[in-house]
Amino acid sequence: MRSDDWYKGKDRDSYIHRAWMRRGLPNNAFDGRPHIAIANTASDLAPCNSHLNEVMEYVKNGVWEAGGVPLNMPAVSLGETQMRPTAMLWRNMSAMATEELIRANPIDGVVLLGGCDKTIPALLMAAASVDLPAIVVPGGPMLTGTYKGKALGCGTDVWKFSEELRAGKMSEEDFLKSEQSMIRSRGHCNTMGTASTMGCVAESLGMTIPGVAGTPAPDSRLLQTAQETGRLIVQMVKDDRKPSDVMTKGSFINTIVALAGIGGSTNAVVHLLAIAGRLGIKLTLDDFDKIGSKVPLLANLQPAGTHLMEDFFRAGGLLALLKELKDLLDPTAITVTGKPLVSYLDDAQIFDETVISKRNKPLQDSAGIAVLKGNLAPLGAVIKPAAASKELLKHKGKALVFDSIEDFHARIDDPNLDVDKDSVLVLRGCGPKGYPGMPEVANMPMPQKLLSQGVRDMVRICDGRMSGTAYGTVILHVAPEAAAFGPLSLIQTGDVISLDVEKRTLNVELTDEELNSRKPSQKMIDALAKPDRGWQKMYVEHVNQADTGADLDFLVGSSGSQVLRESH
Ligand code: FES
């Protein structure tokens, strides 16, 4: 056991290590049992994760049951809706802090408790870098709330209602009253947003007990799986099965297939690239297109469809969906149990085909994320065709450029704004360095002027991200971002932009000479955040571009579980 290095022996150091841990631990806690950290992102300020302390208690039960020693290890938690400017600014900080805590402590294995959008990605990045045995327990989605008898998709319906309010189609009273019903129970957003996506991603990567993804947070089966996870992590330590054994190129292939089949969040692209980077696995943006773009959409879930996560779990969940796509999966990719993911598909079953479609009746034929390239995005940009308007997937229009989110808010509802339904809204300065943290602002609200004309979607381009609960013809993650002086920083209002999703192109109709003769927008440069201290300064100086996962350059790769200097 790695923890033996701390506890075994009769010298002063082992005395100190044991003595300080004796508060409640029995004598036999130090007799060579696996010590299991529970990286716990429970926090009142990350409300989607506030129930994880209870989940942690059940993991502890399982660890004790299997002869291990469980230890609660609070981790940096990130509440998506509360943190400003964006929780993504601290994903890498949470990953770095968790990585260091796991490595520095007398730990043999770790259970990762996450839920809200950035928490599972951060925990997986940390576990990948330290590479001690690890299992995720996803916190699970909330139950479905209703307003006036209609199911509410947390997040997605907030976007819809606010557009309806702005268009004068919903009263302010109804808008505000619906707030009380939006969040019905503990758990994370109940659409196939980023949190639900990352729970499914953790499972398709093989990093959870198969079948747990999508278990609603208040469902007693989540606690049962938590206890089972506690037992399994002890066994995993004994078997020395590590994240690098589980998260292989094959499991990333399985995850890209799953991501398309569930119509998962575009944010998963950035997170998966970052996790693969920690493992030294060569995964590129193009892999998402190559492997996933032809995969059919089978989950009828908001924001692309109509149902919610409670329905998805009731209908058979991720395993039932993956069974339909079995021939596309890598049969060798194992899970934390040591058995291949595909071996769990035989018993899976679809119980409601209105929620999970059969392969021969897909909701859409080619649903995966499409990667666009061209002189506007030389390193790539992504679009989720499943959430876009079909008629806009091939489009040409004049750019209406905004130099910052503040510029956008100041002008978008101006009745004299020179905009029509064919215009292409461009928002720049919102990439990893620009804002900083790459906020979810790409699904720009529509101009009031067009909303009142009945226009509900238009082509929008941004170097930022889009909430996993949002929808629309939105091109995201443009790389290089404008703040890194990519071509996005050079375009001007009135330039003609052409988008062809089928051909995977995104271009501004300017020659190289014309583009090169321009200087980056000074208005954009003036609006950029310029942090001069602390984490934000370090982040801006070291963050990579979105096409490689927006990790910090010095965190890419694995450093293992070896402690640099061993004594006090
Ligand atoms: Fe936490 Fe949506 S706000 S998952």
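Residues numbered from 1 in each chain as written. Predicted model: local features only at pLDDT ≥ 70, side-chain atom pairs only at ≥ 80, totals over all residues. Heavy atoms only, no water.

Draft legend 1. Expanded view of the sheet that holds strand β3 (residues 109-114). Reading across from one edge, β2-β1-β3-β4 is the order of the 4 strands in this open sheet, with parallel pairing throughout. The open sheet has two free edges, formed respectively by β2 (69-74) and β4 (134-138), since each of these has just one partner strand. Adjacent strand axes in the sheet meet at a mean angle of 20° when their direction is disregarded. Those strands touched by helix α5 (residues 119-130) are β1 (35-40), β3 and β4, and its axis lies near 165° from that of β3. (Pairing = 2+ DSSP bridges. Helix = DSSP H or I, 4+ residues; strand = E, 2+ residues; numbered from the N terminus. Axes fitted to C-alpha atoms, helices over the stretch in contact; angles between N-to-C directions. Contact = heavy atoms within 4.5 Å.)

Draft legend 2. Structural view of the state of the cysteines. All told, the structure shown has 0 disulfides when counted by the stated rule. The structure places no disulfide on Cys-200, whose sulfur is separated from the nearest cysteine sulfur, that of Cys-189, by 14 Å. (Disulfide = S-S within 2.5 Å.)

Draft legend 3. Main features of the UniProt feature "domain: Dihydroxy-acid/6-phosphogluconate dehydratase N-terminal" (unreviewed entry) in the chain. UniProt feature "domain: Dihydroxy-acid/6-phosphogluconate dehydratase N-terminal" (unreviewed entry): in the numbering of this structure it lies at residues 33-341. In the segment residues 33-341, helix accounts for 47% and strand for 9%; the C-alpha atoms at its two ends are 29 Å apart. (UniProt positions renumbered as here; feature names shortened; annotations may be inferred.)

Draft legend 4. Highlighting the packing of aromatic side chains. Under the definition given, this model contains 3 aromatic pairs. Aromatic side chains Phe-402 and Phe-408 sit 5.0 Å apart centroid to centroid with 75° between the ring planes, which places their arrangement in the edge-to-face category. The same class applies to Phe-402 and to Phe-408, which are both buried. Their ring planes at 50° and their centres at 6.3 Å tell us that Trp-535 and Tyr-539 sit as a pair that is tilted. Separated by 4 residues within a single helix, Trp-535 and Tyr-539 lie in helix α20 (residues 534-542), roughly one turn from each other. Exposure class is identical for Trp-535 and Tyr-539. Each is buried. (Phe/Tyr/Trp six-rings, centres within 6.5 Å; stacked < 30°, edge-to-face > 60°. Buried < 20%, exposed > 50% of the residue type's maximum accessible area, 1.4 Å probe, protein only.)

Draft legend 5. Expanded view of the pairing of strand β9 (residues 394-402). Direction of pairing for β9 relative to strand β13 (residues 496-500): antiparallel, over a ladder of 5 bridges. Within β13, the residue paired with Lys-396 across the bridge is Ser-498. Inspection of the sheet shows β9 paired to strand β10 (residues 424-427) by 4 bridges, in the parallel sense. Along β10, the bridge assignment pairs Leu-400 with Leu-425.

Draft legend 6. Main features of the nonpolar core. Leu-124 and Phe-252 are the most contacted members of the largest nonpolar core, which has 99 residues in total. Ala-377, Ala-388, Val-478 and Leu-506 belong to the second largest nonpolar core, which has 31 residues in total. (Core = buried A, V, L, I, M, F, W, Y, C linked by side-chain atoms within 4.5 Å.)

Draft legend 7. Quick peek at the UniProt feature "domain: Dihydroxy-acid/6-phosphogluconate dehydratase C-terminal" (unreviewed entry) in the chain. Sites flagged by UniProt as "domain: Dihydroxy-acid/6-phosphogluconate dehydratase C-terminal" (unreviewed entry) map to residues 355-550. The span residues 355-550 is 16% helix and 22% strand, and its two end C-alpha atoms sit 33 Å from each other.

Draft legend 8. Inspection of unusual backbone geometry at higher detail. The step from Arg-84 to Pro-85 runs through a cis peptide bond, and the omega angle for that step is 5°. You can see Pro-85 is positioned in the loop between β2 and α4 (91-104). For the peptide bond that leads from Ala-479 to Pro-480, omega is -5°, which places it in the cis range. Note on placement: Pro-480 falls in the loop between β12 (474-479) and β13. Its identity as a non-glycine residue notwithstanding, Asp-131 has a phi of 60°, on the positive side. Here Asp-131 is to be found in the loop between α5 and β4. Of note, the phi angle at His-477 is positive, near 55°, even though the residue is not glycine. Note on placement: His-477 falls in strand β12.

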